[in-house]
Amino acid sequence: MYLIRMKNCAFFARHGVLDEEETLGQRFYVDAVLTVDPGDGLETDSIQATVDYGVAFKVIEEIVTGKRRFLIEALALEVAKALSLRFPQIVKAEITVRKPNAPVAGVLDHVEVTVVWPE
């Protein structure tokens, strides 16, 4: 097994429970840690036999910038499932979604959730 880490993938989207979050939108950040079964991809040096992280980025982007979700937890789970479906070599997908402008009554850097698929 080996890991692919994609850090701070940034997207503008409109997720959240409050109407203002949909109206205004904000930037979301996604990290993906993918545990990959190498098969023969490493030995053969074949991009077709492994996870193409350019394609993985596009999968993440389509989901994050797509339909609105109320929960960033649901967003993270959808990304994990989609990556696992697109790349059967992925044994485990750990997806973190950060929301820097979470509507809380206080000062914080960001709120983040991490979902692991499969559990």
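Remember, predicted model here, so these are calculated numbers, not experimental data. Here the residue index of a chain counts from 1 through its sequence in written order. Local features in a predicted model are, by the rule used here, given only for residues with pLDDT of at least 70; side-chain atom pairs are given and counted only at 80 or more, and totals for whole chains, interfaces and linings are based on all residues. Side-chain measures were taken over the full set of non-hydrogen atoms in the model, leaving aside hydrogen atoms and water.

A closer look at helix H4 (residues 72-86)
Okay, so step 1: We count a stretch as a helix when DSSP gives it H or I for four or more residues in a row; a strand needs E for two or more, and each element gets its number in order from the N terminus. In this scheme, a helix's expected span is set at 1.5 Å multiplied by one less than its residue total. Over its 15 residues, H4 extends 21 Å from the first C-alpha to the last, a length consistent with the 21 Å expected when each residue adds 1.5 Å.
Okay, so step 2: Burial classes follow relative accessibility: with a 1.4 Å probe on protein chains only, a residue under 20% of its type's maximum area counts as buried, one over 50% as exposed, and anything between as partly exposed. Within H4, burial applies to Ile 72, Leu 75, Ala 76, Val 79, Ala 80, Leu 83 and Ser 84. All buried residues of H4 fall inside an arc of 160° around its axis, so they share one side.
Okay, so step 3: In this description, contact between two residues means that some pair of their heavy atoms is separated by no more than 4.5 Å. Looking at the buried residues of H4, the elements they touch are strand E2 (26-36), helix H3 (53-64), strand E3 (90-99) and strand E4 (111-117). Directions pointing from the helix axis toward each C-beta atom define the arc.

Considering the nonpolar core
Okay, so step 1: The set of buried Ala, Val, Leu, Ile, Met, Phe, Trp, Tyr and Cys residues whose side-chain atoms join them within 4.5 Å is what this entry labels a nonpolar core. By size, the foremost hydrophobic cluster in this structure holds 29 residues, and its most contacted members are Leu 34, Ile 60, Val 64, Leu 83, Ile 95 and Val 97.
Okay, so step 2: When residues of this core are traced back to their parent elements, those giving at least two are strand E1 (2-13), E2, H3, H4, E3 and E4.
Okay, so step 3: At six residues, the largest contribution of residues to this core is made by H4.
Okay, so step 4: Sequence-distant contacts of Ile 60, that is, excluding residues within four places in its chain, are made with Met 6, Phe 11, Val 30, Ala 32, Val 79 and Leu 83.

Quick look at the packing of H3 against H4
Okay, so step 1: At a closest axis distance of 10 Å, the pairing of H3 and H4 adopts a crossing angle of 145°. The two elements H3 and H4 meet at a crossing, and its hand is right-handed. Between H3, through Val 55, Ala 56, Val 59, Ile 60, Ile 63 and Val 64, and H4, the contact on the second element is made entirely by Leu 75, Glu 78, Val 79, Ala 82, Leu 83 and Arg 86. Only C-alpha atoms enter the line fits that serve as axes; for helices the fit covers just the stretch in contact. Angles between N-to-C directions range over 0 to 180 degrees. Each crossing is labelled by how the near helix is turned from the far one, with a counterclockwise turn of less than a right angle marking it left-handed and a clockwise turn marking it right-handed.

Some details on the pattern of salt bridges
Okay, so step 1: Salt bridges, as used here, are contacts in which a Lys or Arg side-chain nitrogen is within 4 Å of a carboxyl oxygen on Asp or Glu. In total, this model carries five salt bridges according to the counting rule given.
Okay, so step 2: Asp 31 is the partner of Arg 98 in a salt bridge, and the nearest nitrogen-oxygen pair spans 2.8 Å. Here the residue Arg 98 occupies a position in strand E3, and Asp 31 occupies one in strand E2, the gap between them amounting to 67 residues.
Okay, so step 3: Look at Arg 98 and you get buried, because its relative accessible area is 9%.
Okay, so step 4: Between Arg 98 and Glu 112 there is a salt bridge whose closest N-O contact spans 3.6 Å. Linking Arg 98 in strand E3 with Glu 112 in strand E4, this pair joins segments that are 14 residues apart in sequence.
Okay, so step 5: Looking at Glu 112, the relative accessible area reads 41%, which means it is partly exposed.
Okay, so step 6: Bridged by salt links that share partners, the residues Asp 31, Arg 98 and Glu 112 form one connected network.

Comments concerning H3
Three or four residues apart is the spacing at which side chains of an α-helix point the same way, because the helix has 3.6 residues per turn.
Okay, so step 1: The end-to-end C-alpha distance of H3, which contains 12 residues, comes to 16 Å, matching closely the 16 Å that a straight helix rising 1.5 Å per residue would cover.
Okay, so step 2: For H3, the set of buried residues is Ala 56, Val 59, Ile 60, Ile 63 and Val 64. Mapping the buried residues of H3 onto a view down its axis gives an arc of 125°, with all of them on the same face.
Okay, so step 3: Packing partners of the buried residues in H3 comprise E1, E2 and H4.
Okay, so step 4: Polar contacts here mean pairs of N or O atoms no more than 3.5 Å apart (in protein, one a potential hydrogen donor and the other a potential acceptor; neighbouring residues in sequence count only if both atoms are side-chain atoms). Two or three places before Gly 54, at the opening of H3, Asp 52 has a side-chain oxygen 2.9 Å from that residue's backbone nitrogen.

Remember, this is a structural readout, not a statement about activity or role.
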